Amino acid sequence: MRPLPSRPAVHAVHRRTSPAPPSIGGLGQHGRVTFGRTTTPVVCRSVASPAANQGAKAVERPWKLSDARLVLEDGSVWNAKSFGASGTQVGEVVFNTSLTGYQEILTDPSYAGQFVLMTNPHIGNTGVNSGDEESIKCFLGGLIIRNLSICTSNWRCTETLDEYLRKRNIMGIYDVDTRAITRRLREDGSLIGVLSTDQSLKDEELLEMAKNWKIVGVDLISDVTCDAPYEWVDKTGSGWEFNDNQSSETFHVVVYDFGVKHNILRRLASYGCKITVVPASWPASDVLNLKPDGVLFSNGPGDPAAVPYAVKTVQEIVGKVPVFGICMGHQLIGQALGGKTFKMKFGHHGGNHPVRDNRTGRVDISAQNHNYAVDPESLPEGVQVTHINLNDQSCAGLVFPKMKLMSLQYHPESSPGPHDSDLAFGEFVELMKNNRL
Ligand SMILES: NC(=O)CC[C@H](N)C(=O)O
């Protein structure tokens, strides 16, 4: 790996030691293969065809050559350059359309088992900082980007993205045609892939790994949840707070940690809640014994149908105290009510999804990250679909007044993303307040 120069802590411009690769538009190092079903030249090859870089190693070049491959389960091989950790890693490739917030995305536990491909072609320019972490570590499989910024410049920056990923043992690749991969995922749906910097592994071996790996039906929550209950007190920092309409009353909220993002906890704390976080497998009876004002079921990775223990817990709590489900929490509530969840073609990942609140007609631009959704037709009578994703009309939110229940398929805490839906935390506080009366 490239050694990096030592650098001051902030206001720093970090330069990587290798000169900038001729990245944008530089297709010269890639094979150009025309696939049967499209006439567009794509910058990848199929497993059977030789690597475009073969023989190039003998020539001294002032820029880094492709040293990594992404092999997708459809047999396509994408040459790329590595950053962060090296090795071999398997995961499901999803694309994220957020323009900013790569650090929050990297630390969102809901990406466990997935490679995040950023459609924004320029990543890394603000580096990383200690304040933008959404969990204690990166759980995702790896990061796929078009162009890695050659320098970082931001007053909060403490580290480059390359250093950060390397320390956390997360693989990254750049100089790969992210637009072509995104188009493929949009056409064919999410694909399993293998990232590798290991030249001793043949394309065929990586393809086998991709084909033999499964994410559907796997419990990923148990890998990301906390080990023991804890109290959370941090609010949104005063410099970042944007909403002063918060409750003067205090409500005790128990949060089920299915992979909770810290900004959910910060927003609840800012709304005046006292917060106890419990592990995913914590018994419902112990939670109810705490006599909380409300329970929040958090976001989390993977297939909601693969965690029946969590569905059972939700069933035991719903109807007894006000509840709020976010993303995975929303899907588990859907299942707990007897509804069905299904896997979407390529999911929703980004900070620019329009969502309409059917009760008011208000449209929010929302942050989203999910591959599964609740089938509204499968829900029992009395459950109302409150929110619709306007891109594909899928179910984005529910209420069940009889059960004092509300849930959203997207992320009112954003981080990253627009703050439009922050009001949902206020709605949850109202639900708890009305339950006290
Ligand atoms: N952000 C989340 O909670 C993701 C929910 C679920 N894992 C999905 O992909 O649909």
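Just so you know, these numbers come straight off a predicted model, no measurement behind them.

Draft legend 1. Region of interest: the environment of Arg 362. Looking at the secondary structure, you find Arg 362 in the loop between β18 (340-357) and β19 (363-375). The class of Arg 362 is partly exposed, set by 13 C-beta atoms lying within 10 Å. Sequence-wise, Arg 362 and Val 311 are 51 residues apart; in three dimensions their C-alpha atoms are separated by 31 Å.

Draft legend 2. Structural view of the site of the ligand. Taken together, Ser 110, Asn 299, Gly 300, Pro 301, Gly 302, Cys 327, Met 328, Asn 369, His 370, Asn 371 and Tyr 372 form the complete shell of residues around the ligand. Ranked by residue count, the leading element in the shell around the ligand is β19, at four residues. In terms of residue class, the shell around the ligand is made up of four nonpolar, seven polar and no charged.

Draft legend 3. Structural context of the pairing of strand β4 (residues 76-84). Burial analysis of β4 places nine of its nine residues in the buried class, which makes it a mostly covered element. Across two bridges, the pairing between strand β2 (residues 45-46) and β4 is antiparallel. Bridge pairing links Ser 46 to Ser 76 in β4. Summarising the sheet, strand β3 (residues 68-72) and β4 pair through four bridges and their orientation is antiparallel. In the sheet register, Leu 70 faces β4, and the bridge partner there is Trp 78. Between β3 and the antiparallel strand that follows it, β4, lie three residues; Gly 75 among them carries a positive phi value of about 95 degrees. Sheet topology places β4 next to strand β11 (residues 171-174); four bridges connect them, and they run antiparallel.

Draft legend 4. Expanded view of the confidence of the model for the chain. With 88% of its residues at a pLDDT of 70 or more, the chain shows a mean pLDDT of 90. Taken element by element, the predicted model of the chain shows its lowest mean pLDDT in strand β1 (residues 13-15) (37) and its highest in strand β16 (residues 294-297) (99). Confidence drops under pLDDT 50 across residues 1-41; counting only partners more than four residues distant or on other chains, this segment forms 66 contacts. In the predicted complex, the global pTM is 0.89; the interface-specific ipTM is 0.97.

Draft legend 5. Up close: the nonpolar core. Within the largest apolar cluster, 109 residues are counted, with the highest numbers of intra-cluster contacts made by Leu 70, Val 116, Leu 117, Ile 144, Val 255, Val 295 and Phe 297. Of the residues forming this core, the biggest block, six residues, is contributed by helix α10 (residues 423-436). Here Phe 297 is in contact with Tyr 256, Phe 258, Val 314, Val 323, Gly 325, Gly 329, Leu 332 and Ile 333, once residues within four sequence places are set aside.

What counts and how
Residues numbered from 1 in each chain as written. Predicted model: local features only at pLDDT ≥ 70, side-chain atom pairs only at ≥ 80, totals over all residues. Helix = DSSP H or I, 4+ residues; strand = E, 2+ residues; numbered from the N terminus. Buried ≥ 20, exposed ≤ 12 C-beta atoms within 10 Å, placed from the backbone. Near = placed C-beta within 6 Å. Nonpolar A, V, L, I, M, F, W, Y, C, P; charged D, E, K, R; others polar. Pairing = 2+ DSSP bridges. pLDDT = per-residue confidence, 0-100. Contact = placed C-beta atoms within 7 Å. Core = buried A, V, L, I, M, F, W, Y, C linked by C-beta atoms within 7 Å.

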